[in-house]
Amino acid sequence: MLTEAPPRNRDLAGFRESDQMNTLDLPDDERLPALAKLIESAMKADQTAGVRSACTEFIKGASLYYSVPECAVRVLAARPLRVCEQWASELFGDYTPETMLIRVWMRTAVRKEITSFGTFLSTLCHEFCHHLDYKKFGFADSWHTRGFYERAAVLYHHARGTPPKHLFWVPMAGSRWRIDWPKTNKSTRE
């Protein structure tokens, strides 16, 4: 995961605020983990309608907790794949603030297999955090900052019922950052 470069306009203050906001309040009940388990069960059973229904309930529960308008969620089949001469990219999910719509793809781009539950839930949490940026925190944009990735990780680990990871960051050119996965994963094993 790579952060975006800071904007060079009036949105810089919002970008910096997002970058520094590295945590998220979490419900003190098991509603989101229980709903995540419903998503996982439906995925294992290859029930697209069940996945869609469970995702809708997950978003409804998260929206209620964070006191934001509920956004719609669409669960789609195989991820879109863009191939160019020297690279290829897959779209795991997206969020459109104008329509408050989250789209997540349930199958891999090439083999059309059901994606892993962890990847799918992580994507759903990531896209919901974009929704929070606009509707709860009032950001003019929803940037991929260190803080954004940290907030999404907090929500994911809560929903998954796994211990949160401390993310370690490495500076990159252009005032961007990337996660140091070997160091991050090593710290959780110790």
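Given the structure is predicted, the values throughout are model-derived calculations rather than measurements.

Enquirer: Quick question: what am I supposed to make of the layout of surface pockets here?
Expert: By rolling a water-sized probe across the atoms, one finds the places where empty space is left. Taken as a whole, the largest pocket holds about 660 Å³ of empty space. Along the walls of the largest pocket sit 25 residues, with Met1, Ser122, Thr123, His126 and Tyr149 positioned nearest its centre. Tallying contributions element by element places helix α4 (residues 117-135) first for the lining of the largest pocket, with eight residues. Broken down by class, the residue content of the lining of the largest pocket amounts to 13 nonpolar, nine polar and three charged.

Enquirer: Would you take a moment to explain the nonpolar core for this structure?
Expert: Proteins that are soluble and globular tend to have nonpolar side chains buried together. Ile39, Val51, Phe58, Ile102, Phe120, Leu124 and Phe128 are the most contacted members of the largest nonpolar core, which totals 41 residues. Taken together, the elements giving at least two residues each to this core come down to α2 (31-44), α3 (48-66), β1 (72-78), β5 (101-107), α4 and α5 (146-160). Apart from residues lying up to four places away in sequence, Ile39 is in contact with Val51, Ala54, Cys55, Phe58, Phe117, Phe120 and Leu124.

Enquirer: Teacher, can you tell me more about the packing of α3 against α4 here?
Expert: Relative orientation and spacing of two packed helices are given, respectively, by the angle between their axes and the distance between those axes. Two numbers describe how α3 lies on α4: the axes approach to 11 Å, and their chain directions differ by 40°. The angle between the axes of α3 and α4 places the two elements in the oblique class. In this structure, the crossing between α3 and α4 has a hand that is right-handed. Together, Val51, Cys55, Phe58, Ile59, Ala62, Ser63 and Tyr66 of α3 and Phe120, Leu121, Leu124, Cys125, Phe128 and Leu132 of α4 make up the contact between the two elements. Taken together, the residues that form the contact of α3 with α4 break down as twelve nonpolar, one polar and no charged.

The rules behind the values
Residues numbered from 1 in each chain as written. Predicted model: local features only at pLDDT ≥ 70, side-chain atom pairs only at ≥ 80, totals over all residues. Heavy atoms only, no water. 1 Å grid on protein atoms, 1.4 Å probe; cavity = no way out; pocket = protein on both sides within 12 Å on 5 of 7 lines; lining within 4 Å. Points joined across faces, edges and corners; volume = space filled by probe spheres on them. Helix = DSSP H or I, 4+ residues; strand = E, 2+ residues; numbered from the N terminus. Nonpolar A, V, L, I, M, F, W, Y, C, P; charged D, E, K, R; others polar. Core = buried A, V, L, I, M, F, W, Y, C linked by side-chain atoms within 4.5 Å. Buried < 20%, exposed > 50% of the residue type's maximum accessible area, 1.4 Å probe, protein only. Contact = heavy atoms within 4.5 Å. Axes fitted to C-alpha atoms, helices over the stretch in contact; angles between N-to-C directions. Parallel < 35°, antiparallel > 145°, perpendicular 65-115°, else oblique. Left-handed = near helix turned anticlockwise from the far one by under 90°.

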